[in-house]
Amino acid sequence: MRGRELRGELDAFLAETEQDLVAFRRDLHMHPELAFAEYRTTQRIAERLTAAGLTPSVLPRGTGLICEVGSGDGPTVALRADIDALPLQDEKDVPYRSTVAGVCHACGHDVHTTVLLGTSLFLAQQAAAGLLPGRVRLIFQPAEELPGGALEVMAQGGISGVDRIFGLHCDPRVDVGQLGLKAGPITSACDKLVVRVSGPGGHTARPHLTADLVFALAKILTELPAALSRRVDPRSSLSLVWGKVEAGTAANAIPDDGLAAGTVRCLDEGAWHAAPDLIKSLLESVAGAYGVEAEMDYTRGVPPVVNDEVSVEMLAEAAERVLGAGAVVPTQQSLGGEDFAWYLESIPGAFARLGTRSPDGVTYDIHQGTFDVDEKAIAMGVRVMAATALTALWEVGPLDTVTTTAMA
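Residues numbered from 1 in each chain as written. Predicted model: local features only at pLDDT ≥ 70, side-chain atom pairs only at ≥ 80, totals over all residues. Heavy atoms only, no water.

Draft legend 1. Seen up close, the sheet that holds strand 12 (residues 257-266). The sheet built from 4 strands is open, its strands ordered 10-12-8-13 with antiparallel pairing. Edge positions in the sheet fall to strand 10 (239-247) and strand 13 (293-302), since each of these pairs with one other strand and no more. Strand after strand, the sheet turns through a mean of 15° between neighbouring axes, direction not considered. Direction of pairing for strand 8 (residues 189-198) relative to strand 12: antiparallel, over a ladder of 10 bridges. Directly across from R196, in strand 12, lies its bridge partner L259. The strands that helix 5 (residues 213-231) touches are strand 8, strand 10 and strand 12; relative to strand 10, the one it contacts most, it runs at about 170°. Sheet strands touched by helix 6 (residues 269-289): strand 8, strand 12 and strand 13. Its angle to strand 13, the strand with the most contacts, is close to 165°. (Pairing = 2+ DSSP bridges. Helix = DSSP H or I, 4+ residues; strand = E, 2+ residues; numbered from the N terminus. Axes fitted to C-alpha atoms, helices over the stretch in contact; angles between N-to-C directions. Contact = heavy atoms within 4.5 Å.)

Written as structure tokens, this is what we have:
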């Protein structure tokens, strides 16, 4: 039966390569690079793929690359990993601690990259043996943290001709050996909002002769989020939270300008698309009531990642085949953003959460200088991604139903 054969082949492959993959991850962890500056990381990946007989193509900026495995007229499946690090100080006391001051892999992208590299090497072996019924496009994407790297890949035709795409992300709340899955939205949209308010200014003794800008700004700060909660379906969870406010320099002077900045997060794609126009309308209404002018600078971030149900079923099928029964666990939609969403606005696919916590161990949260993983997660990720690619290529239900003759 093909399902058991695949698991055995992965066991043999990882017995030879797992330690090498761990070393590769540690090397990346020691040499993190920020968005669109991942030159060394790109070179290291390209070297390994070339040594395996593949032909990687580096993106025009010189960071990130695309590489195909297999040939023929079958379907094309894409697998994506992000390769950039974060501008944070590595606070861990480990041999592979970051050697770059103020930069570290605090989001697990070094793990994602290593998982996809291992998957690439395994699939290259499958292709050489004539067991790959189609193509797998490997996307080592730069600049997820900006975000923007996904758009760069798409601009270069990175998903042209792709039938489905899959990706994963480290989840320190899930144990190693488990995979968190959810059909539908699994992350949220996240945008940035800056509001600039202006008025004539004046003396605090005569607010009735001018526009009380600070009072108007305070009304904007409180009434805008409150109004949103009454104008949008509560199930969309559209929220505006301020993080910065500036106005005035003296206690007895009404200033002539002020500023507020915050983030807009949303779980629903439809509400996300409608948010800028709605917020602008509400802002103008509140500002007009207090005689001040208000301008809005709305910066789009990313839409929600919305998993295709069929693709999620493929991931679940693959994970149970190679990790065992009970490996798939439900996961909730988060308020974090992820630019994998841009791919899913064009083609079907799914995004999974890879367990990285040692059972009964400490939870090291992402985007913290202390973040680390149980490195057994690397082999688990390779198993899942390789099995998912093969499942999607064959587009046949359970792998056990595929005979050896059909695979030849």
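Anyway, onward from the coordinates.
Draft legend 2. Structural detail: unusual backbone geometry. That bond from L146 to P147 is cis: its omega, -5°, falls within 30 degrees of zero. Structurally, the position occupied by P147 is in the loop between strand 4 (135-141) and helix 4 (149-155). The backbone of F36 sits at a positive phi, close to 60°, despite the residue not being glycine. Tracing the sequence through the fold places F36 in the loop between helix 1 (2-30) and helix 2 (39-51). Residue F36 is classed as buried on the basis of its relative accessible area, which comes to 17%. Positive phi, normally seen in glycine, also occurs at A143, with a value near 55°. Along the polypeptide, A143 turns up in the loop between strand 4 and helix 4. Relative accessible area serves as the criterion here: at 0%, A143 is assigned to the buried category. (Buried < 20%, exposed > 50% of the residue type's maximum accessible area, 1.4 Å probe, protein only.)

Draft legend 3. The sheet that holds strand 15 (residues 328-330), seen in detail. With mixed pairing, 8 strands are arranged side by side in an open sheet as 1-2-4-3-5-16-6-15. Strands at the two margins of the open sheet, each flanked by one partner only, are strand 1 (57-58) and strand 15. In the sheet, strand 3 (residues 76-82) pairs with strand 5 (residues 164-175) via 4 bridges, with the strands oriented parallel. By the bridge assignment, A78 is partnered in strand 5 with I165. Contacts between helix 3 (residues 109-128) and the sheet are confined to strand 2 (65-69), strand 3, strand 4, strand 5 and strand 16 (349-357), with strand 3 contributing the most and set at about 150° to the helix.

Draft legend 4. Summary view of the nonpolar core. Among the nonpolar cores identified, the biggest contains 63 residues, and L49, L79, L123 and L138 are the most heavily contacted of them. Tallying contributions element by element places helix 9 (residues 376-394) first for this core, with 12 residues. Not counting the four nearest positions on each side in its chain, L79 is found in contact with L116, T119, L123, V136, R137, L138, I139, F166, M385 and A389. With 50 residues, the next largest nonpolar core counts L228, A260, L278 and F340 among its residues. (Core = buried A, V, L, I, M, F, W, Y, C linked by side-chain atoms within 4.5 Å.)

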